[in-house]
Amino acid sequence: MPDKVDNNNRSILHYGLMQLVSQEEAIQIDRVGKDYFSDLLFRVAINNKHDYMRVDMDGRNDLHYAASSGNYWAFLKVVQTLKNGEINVLLYCKDKRGYTPLKAAFEALTPRQSFESLKIPLNCSLNELFSTTCKANLSVILLPHEYFIFTVSKYLSSSNYFTPLNVKDYLILAINKSRIYPILILKSYTPNEFNDIVSTSTEIPSLLAKSDIQIIAEHIFNADNSLRCNKSESPLHQLVLNAMNGHDISPLTLFLLMCLRNFPLRILINVMTKTDITYYIEPQWEETSEQ
């Protein structure tokens with residue numbers, strides 16, 4: 001099959017990678033270790049010397065389409081087929097919207113009303129979920145776009161691709177779409193950039209505090225960033241509001257007690273309303289005032 005393009009400069013690779021991958025398909029691919037459709041598509045492209053580096057009129061390359069469809073296997077085929085320099089050109093390429101393939105995957109995440117419950121295998125801790133020590137079948141846990149994000153982030157983690165700026169962009173997309181696993185993937189594979197953001201930014205901790213993400217909040221918040229105000233309120237202020245609104249903050253109990261023990265009450269008053277303090281802090285007042 002010759003390497004032909006249409007009026008939008010799209011080839012068979014572009015169109016072949018537009019097909020959305022379902023979770024059932026991703027689980028099957030993971031189980032058998034092969035995606036027959038993608039393998040056939042790439043075999044045709046290789047045998048006929050197709051141009052893997054081509055971008056269409058929107059500035060999108062093969063990996064942009066694989067990212068938007070959640071096709072992580074296509075990325076693995078690219079890694080097997082191309083040289084490192086060529087792979088990096090594809091991964092760093094920005095389309096007309098300014099999106100790299102990885103950002104396109106974050107953009108393609110389906111928004112949810114709230115964060116889903118975490119699925120953690122019995123042999124893994126939360127911090128080990130995306131490490132090599134955890135032998136979890138991630139295709140059962142992650143949806144296809146999340147699996148693409150995991151696969152590409154793992155590949156890029158040893159490069160200089162990640163910066164506080166692009167990691168912040170990815171975090172905002174994941175938080176606003178209430179997607180917990182992409183946040184944990186970033187925490188695992190961009191630890192320095194992730195910690196820099198949550199340590200210096202007021203926007204990210206505040207966004208997280210307003211979500212129903214309490215189950216991993218103790219891995220993100222500390223006594224410093226939880227008290228950093230964004231002109232009107234702090235993340236700690238929002239966490240207490242969550243409690244007042246009926247959210248389950250039991251995972252944060254030890255963290256909140258640490259704040260109460262380590263900071264004078266006058267500091268907490270500066271970042272929380274008096275009503276909020278009465279609601280949560282007053283039962284701890286006697287223990288706190290003795291410190």
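Conventions we followed
Residues numbered from 1 in each chain as written. Predicted model: local features only at pLDDT ≥ 70, side-chain atom pairs only at ≥ 80, totals over all residues. Heavy atoms only, no water. Salt bridge = Lys/Arg side-chain N within 4 Å of Asp/Glu carboxyl O. Helix = DSSP H or I, 4+ residues; strand = E, 2+ residues; numbered from the N terminus. Buried < 20%, exposed > 50% of the residue type's maximum accessible area, 1.4 Å probe, protein only. Core = buried A, V, L, I, M, F, W, Y, C linked by side-chain atoms within 4.5 Å. Contact = heavy atoms within 4.5 Å. Phe/Tyr/Trp six-rings, centres within 6.5 Å; stacked < 30°, edge-to-face > 60°. Polar contact = N/O pair within 3.5 Å; in protein donor to acceptor, adjacent residues only side chain to side chain.

Structural notes on the pattern of salt bridges
In total, this model carries eight salt bridges according to the counting rule given. One salt bridge in this structure joins Arg 60 and Asp 95, with 3.7 Å as the shortest N-O distance. Here the residue Arg 60 occupies a position in the loop between α3 (36-47) and α4 (62-69), and Asp 95 occupies one in the loop between α6 (84-92) and α7 (101-108), the gap between them amounting to 35 residues. Between Asp 169 and Lys 103 there is a salt bridge; the shortest N-O distance is 3.9 Å. In this pair, Asp 169 sits in helix α10 (residues 164-176) while Lys 103 sits in helix α7, placing the two residues 66 residues apart along the sequence. A residue is classified by how much of its surface remains accessible, and Asp 169, at 30% relative accessible area, is partly exposed. When its relative accessible area of 18% is taken as the criterion, Lys 103 is described as buried. Each of Arg 10, Asp 56 and Asp 58 takes part in one network of salt bridges that share partners.

With respect to the nonpolar core
Within the largest apolar cluster, 62 residues are counted, with the highest numbers of intra-cluster contacts made by Leu 102, Phe 106, Phe 130, Leu 171 and Tyr 181. The contact partners of Phe 130, leaving out residues within four places of it in the chain, are Leu 138, Leu 142, Phe 150, Tyr 181, Leu 184, Ile 185, Ser 188 and Tyr 189.

A short note on the packing of aromatic side chains
The tally for this structure, following the rule as stated, stands at eleven aromatic pairs. Look at Phe 130 and Phe 150: their rings are 5.8 Å apart centre to centre, the planes differ by 40°, and that puts the pair in the tilted class. Highlighted residues: Phe 130 in the loop between α7 and α8 (138-141) and Phe 150 in helix α9 (residues 144-156), separated in sequence by 20 residues. Per residue, the accessibility class of Phe 130 equals that of Phe 150, and both read buried.

Comments concerning α4
Most of α4 is tucked away, with seven of its eight residues classed as buried. Buried within α4 we find Asp 62, Leu 63, His 64, Tyr 65, Ala 66, Ala 67 and Ser 69. At the N-terminal end of α4, a side-chain oxygen is found 2.8 Å from the backbone nitrogen of Leu 63, two or three residues along, and the residue is Asn 61.

Bear in mind that shape data such as this cannot, by itself, settle questions of function.
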